[in-house]
Amino acid sequence: ADYYANYEVNRTGNEFTSIQNANNILGAMDDTLQLTTLMLLSLGWSLCRSHLTRNQGRLLQIALSAYFIFEMSSAFCTDGSSGSCSALSIMALVIRSLILLAIIIAMNFTVTQLKAMLTHTPWVPSTPIQYARCKQFAVFRLWFILYLLLPTAFLLVQTITLTWKELWLTFLLDTILQTLMYFHIGVTFGPMNEDFLTRAFDGSLYNHVNPNNPPQEGEEPGEQQQEAVN
């Protein structure tokens, strides 16, 4: 809808209200779903914890509901010179900025919590999984910071070098950035082969390499595997 609306403006010089409204509505829904996904990931939902606390769930619902209401109200407000439309857009932008700040704080808390667990918890067969989770969130945090900074760089390039004829490049770069963000989330937090991470510590790897030399009675498989490595 966004590309078609700009195409019609370039072709005829007129804006179509219905297309613009549809574009604004779809954009509001997409932004809300994106913020919801990023917030749940930053809190470690379904990755480090099975459920959110009551206070976390309540705050998340209030913030996302408020953002969706203001964003949808701003989507139906097409009069750019109206003070109420500007106020709705500003409120939606403020709430979005606060949610992004909360995402960064929650992500840092999750990474710190995982590192503390690895530091103060005795070594168990599931420890490699915790290391993998910590690495996932650390990489995701870096990409999320780039995701926040790159739109500003695109805007600077647009203001300094591009004319109105090349504005489509800004929309294209934003779309590519969104696609790469979703792709990175899918790759980073995709299904993890936990058996592959823990097989070096549960004896299965040693039994696979040395099928004719099983561990002796009273001896742990990991001890024999360590002797074989040495």
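Values in this document were obtained by computation on a predicted structure and should not be read as measured data.

S.K.: Quick rundown of the overall build of the chain? Include the residues and the values.
M.R.: The helix and strand tally for the chain stands at 9 helices and 0 strands. Starting at the N terminus and ending at the C terminus, the chain contains elements arranged as α-α-α-α-α-α-α-α-α. Across the 230 residues that make up the chain, the buried fraction comes to 28%. For the chain, the exposed area adds up to about 15,000 Å²; of that, 64% sits on carbon and sulfur atoms.

S.K.: How would you sum up helix α4 (residues 83-120)? Please name residues and give values.
M.R.: Taking 1.5 Å per residue as the helical rise, α4 with its 38 residues ought to reach 56 Å, and the 55 Å between its terminal C-alpha atoms agrees with that figure. Along α4, the positions that sit buried rather than exposed are C85, A92, I95, I99, L100, I103, A106, M107, T110, V111, L114 and L118.

S.K.: Can you lay out the packing of α4 against helix α5 (residues 127-160) for me, pointing to particular residues and giving the numbers?
M.R.: Where α4 meets α5, the axes come as close as 10 Å, and the angle between the chain directions of the two elements is 155°. Considering the angle they form, α4 stands roughly antiparallel to α5. You can see that α4 and α5 cross each other, and the crossing is left-handed. Every residue of α5 that contacts α4 at R96, L100, I103, I104, M107, N108, T110, V111, L114, K115, M117 and L118 is listed here: T127, Q130, Y131, R133, C134, F137, A138, F140, R141, F144, Y147 and L148.

S.K.: Explain the environment of I90 to me, using residue names and the numbers behind them.
M.R.: If you trace the backbone, I90 turns up in helix α4. Spatially, the C-alpha atom of I90 lies 9.1 Å from that of F70, the residues being 20 residues apart in sequence.

S.K.: Kindly report on the packing of aromatic side chains, identifying the contributing residues and their values.
M.R.: Applying the stated criterion to the full structure yields 4 aromatic pairs. When the centroid spacing of 5.3 Å and the interplanar angle of 65° are considered together, the rings of F137 and F189 count as edge-to-face. Linking F137 in helix α5 with F189 in the loop between α6 (167-188) and α7 (194-198), this pair joins segments that are 52 residues apart in sequence. Note on F189: relative accessible area 12%, which makes it buried. By way of ring pairs, the aromatic residues F137, F140, F144, Y147 and F189 are connected into one cluster.

S.K.: Which residues make up the packing of helix α3 (residues 54-75) against α4, and what values go with them?
M.R.: Where α3 contacts α4, the two axes come as close as 8 Å, and the packing angle between them is 150°. One way to sum up the angle between α3 and α4 is to call them roughly antiparallel. As for the relative orientation of α3 and α4, their crossing is left-handed in sense. Side by side, α3 and α4 meet where A63, L64, A66, Y67, F70, E71, S73 and S74 of the first sit next to L88, S89, M91, A92, I95, R96 and I99 of the second. Across the contact of α3 with α4, the residue classes tally to 10 nonpolar, 3 polar and 2 charged.

S.K.: Now, about the nonpolar core: what can you tell me, with residues and values included?
M.R.: If you look at the biggest cluster of nonpolar residues, it comprises 30 residues, and the most contacted ones within it are I99, I103, F140 and F144. Contributing elements (two or more residues each) for this core: α2 (17-42), α3, α4, α5 and α6. Ranked by residue count, the leading element in this core is α4, at 10 residues. Non-local contacts of F144, meaning those with residues more than four positions away in its chain, are made with L38, L100, I103, I104, M107 and M181.

S.K.: Lay out the layout of surface pockets with the relevant residues and their values.
M.R.: Here the second largest pocket defines a volume of roughly 230 Å³. Taken together, M39, L43, Q56, L59, L60, A63, I99, A102, I105, A106 and F109 make up the lining of the second largest pocket. Residue assignment for the lining of the second largest pocket shows that the elements contributing at least two residues are α3 and α4. With 5 residues, α4 is the single largest residue contributor to the lining of the second largest pocket.

S.K.: Describe the side chain of H184, with residues and values.
M.R.: Mapped onto the elements, H184 comes out in helix α6. Residue classification places H184 among the buried residues on the basis of a relative accessible area of 9%. Excluding residues that lie within four positions of it along the chain, H184 makes contacts with V139, F140 and W143.

S.K.: Give a description of a nonpolar patch on the surface that names residues and reports values.
M.R.: There is a patch of nonpolar side chains on the surface, built from I90, V94, L98, L101 and I105 and spanning about 470 Å² of accessible area. Turning to its location among the elements, L101 is positioned in helix α4.

Rules used throughout
- Position numbers for residues count from 1 along each chain, tracking the sequence in the order it is written.
- Per-residue local features of the predicted model are confined to residues with pLDDT of at least 70, and side-chain atom pairs are confined, for both listing and counting, to 80 or more; whole-chain, interface and lining totals are unaffected and use all residues.
- Calculation of side-chain values draws on the structure's entire complement of heavy atoms; hydrogens and water are dropped beforehand.
- To qualify as a helix, a DSSP run of H or I must reach at least 4 residues; to qualify as a strand, a run of E must reach at least 2; elements of each kind are numbered from the N terminus.
- Categorising residues by exposure relies on relative accessible area from a 1.4 Å probe, with only protein chains included: less than 20% of the type maximum marks a residue as buried, more than 50% marks it as exposed, and the intermediate range marks it as partly exposed.
- Surface accessibility in these figures is a Shrake-Rupley result with a 1.4 Å probe; residues are shielded only by whichever protein chains are displayed.
- A helix is expected to span 1.5 Å multiplied by its residue count minus one.
- Angles here are taken between N-to-C directions and fall from 0 to 180 degrees, while the axes themselves are lines fitted to C-alpha atoms, restricted in helices to the stretch in contact.
- When an angle is under 35 degrees it counts as roughly parallel; over 145 it counts as roughly antiparallel; between 65 and 115 it counts as roughly perpendicular; any other value is oblique.
- Throughout, a crossing is termed right-handed when the near helix is turned clockwise from the far one, and left-handed when it is turned anticlockwise from it by less than a right angle.
- The contact rule is simple, with two residues in contact once any of their heavy atoms fall within 4.5 Å.
- Ring geometry is summarised as follows: Phe, Tyr and Trp rings, the Trp one being its six-membered ring, pair when their centres sit within 6.5 Å, and such pairs are stacked at plane angles under 30 degrees, edge-to-face over 60 and tilted between the two.
- Gly is put with the polar residues, along with every residue not named as nonpolar or charged; the nonpolar set is Ala, Val, Leu, Ile, Met, Phe, Trp, Tyr, Cys and Pro, and the charged set is Asp, Glu, Lys and Arg.
- Side-chain atoms within 4.5 Å are what join buried Ala, Val, Leu, Ile, Met, Phe, Trp, Tyr and Cys residues into a set we call a nonpolar core.
- A 1.4 Å probe that fits but cannot get out identifies a cavity on a 1 Å grid over protein atoms alone, an open set with protein on both sides within 12 Å along at least five of seven lines counts as a pocket, and a residue lines either if it has an atom within 4 Å of a point.
- Grid points are joined across faces, edges and corners, and a volume is the space filled by probe spheres set on the points.
- Excluding any residue in a salt bridge, patches collect residues exceeding 30% relative accessible area, merging like charges within 9 Å and nonpolar Val, Leu, Ile, Met, Phe, Trp and Tyr side chains within 5 Å.
- A side-chain nitrogen of Lys or Arg and a carboxyl oxygen of Asp or Glu constitute a salt bridge if their distance falls within 4 Å.

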